[in-house]
Amino acid sequence: MIGRQGRGSGAKAGTLTSRKEQHLDAVLAGKASAVTTTGLEAVRFEHVALPEVSWEAINLSTRFLGRPIGAPLLIGSMTGGPSRAAQINRTLAGVCQALRIPLAVGSQRVMIEGDRDGGLDRGLRRIAPDIPILANLGAAQLNRGYGRDQALRAIEAIDAQALILHLNPLQEAVQPEGDRDWRGLTDKIGELARALPVPVIVKEVGAGLSAAVVARLAEAGIGIFDVAGAGGTDWARVEAARAGSQAEAQVAACFAGWGIPTATAIRMAREAAPKATVIGSGGIVTGLDAARAIRLGADLVSMAGAVLQAALEGPDALEQHLGIVLAQLRTACFCTGSADLAQLRQARLLPAGTEPYS
């Protein structure tokens, strides 16, 4: 029988740490690459041969969580055990501060249930004093005793401006040790959001948020959504790679490619919650991907897996990588005649079905 193995009332910190390390190894080994596309490749801008704007003068700045940020870009949550997380987090914080872009940390469950914080402490805020930093917990933990106290610990540990509650039902379903009781979570998410001093962001991890789920959560009081659609890191493939038996691997592998493509998830979220802040993520690799996501309705985009290797190499590599992404986004604005993000959101698109070469 396929099921959870050796769990009591909750996973021990050592088991959690080991699992996070395995996740990071799988991603770095290329075992999490998507087997589906984001759908963003089908979004084709109408080229403007006379843009009437200056490339250097294009304004990429915006606001997020009440703070000005340098670009509509968020470094998203990354997995990894404490042995590597501390250095990654320091690197991310320093570069995000330099570029004035927000940073979302990985799950803080290990910090709350164990004795190692992986660099998720006030030192992170000292490195990045001026940018929004986002705390992170799994929504499923609200059915395992987590509530306002644990959420406040996560927020206060890093002086966060918001708390991400991540949704990962597919990943939990195909993990032998996964949390599979998701009853009543919509109400609990709403209750927690009303009890906290900072906003709650609801985020999928790679299978996308549907219009129905966004509408339900908006009704519960959530105003910020990270769609995390299919086309980026594939957690079914990650779990298949770390499975303890052939049967478990077969269950997980069956769902490779499962989910709502990122482009569709962005459209759904924007239509379901027109006044919400929508973060487009899931397979955002280039600045052109970012431009397409913003044109579809995202307020900003999030990148994680695409920058992980650069983050491991160090601050210079990461800053160079993100500099390329921002130059690509600026060029997309330039070639659509968009002087700022508001104009990019109105940029003309070619009709659906237009082929690159005809």
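Residues numbered from 1 in each chain as written. Predicted model: local features only at pLDDT ≥ 70, side-chain atom pairs only at ≥ 80, totals over all residues. Heavy atoms only, no water.

Under an unreviewed UniProt entry, the protein chain has the name Isopentenyl-diphosphate delta-isomerase and belongs to Paracoccus yeei. The protein chain has a UniProt comment under Catalytic activity (unreviewed entry) that states "isopentenyl diphosphate = dimethylallyl diphosphate". Taken verbatim from the UniProt record of the protein chain, the Sequence similarities (unreviewed entry) comment is "Belongs to the IPP isomerase type 2 family." (UniProt positions renumbered as here; feature names shortened; annotations may be inferred.)

(A) Region of the structure containing the side chain of Gln-97. Take Gln-97: it is sitting in helix H2 (residues 82-99). Looking at Gln-97, its side chain comes within polar contact range of the side chain of Asp-130, at 2.9 Å. When neighbours within four sequence positions are excluded, Gln-97 is seen to be in contact with Ile-127, Ala-128, Pro-129, Asp-130 and Ile-131. (Helix = DSSP H or I, 4+ residues; strand = E, 2+ residues; numbered from the N terminus. Polar contact = N/O pair within 3.5 Å; in protein donor to acceptor, adjacent residues only side chain to side chain. Contact = heavy atoms within 4.5 Å.)

(B) Region of the structure containing the pattern of salt bridges. As enumerated under the stated definition, the model contains 11 salt bridges in all. With a shortest N-O distance of 3.1 Å, Arg-109 and Glu-113 are connected by a salt bridge. Taken together, the positions of Arg-109 and Glu-113, both in helix H3 (residues 109-113) and four residues apart, correspond to about one turn of that helix. Among the residues examined, Glu-113 registers a relative accessible area of 31% and is labelled partly exposed. What emerges from the salt-bridge pattern is a single network uniting Arg-109, Glu-113, Arg-144 and Asp-179. (Salt bridge = Lys/Arg side-chain N within 4 Å of Asp/Glu carboxyl O. Buried < 20%, exposed > 50% of the residue type's maximum accessible area, 1.4 Å probe, protein only.)

(C) Looking closely at the pairing of strand S10 (residues 300-303). The side-chain alternation of S10 yields two buried faces, one formed by Leu-300 and Ser-302 and the other by Val-301 and Met-303. The sheet contact formed by strand S3 (residues 73-75) and S10 spans three bridges and is parallel. The residue of S10 that forms the bridge with Ile-75 is Met-303. Pairing of strand S9 (residues 277-280) with S10 involves two bridges; the strand directions are parallel. From the neighbouring strand, Gly-280 faces S10, where its bridge partner is Val-301. (Pairing = 2+ DSSP bridges.)

(D) The arrangement of the packing of aromatic side chains in detail. What the rule picks out here adds up to one aromatic pair. Both rings, one in Phe-255 and one in Trp-258, keep their centres 5.3 Å apart while their planes meet at 70°; by these two values the pair is edge-to-face. On the basis of relative accessible area, Phe-255 is assigned to the partly exposed category, the value being 28%. (Phe/Tyr/Trp six-rings, centres within 6.5 Å; stacked < 30°, edge-to-face > 60°.)

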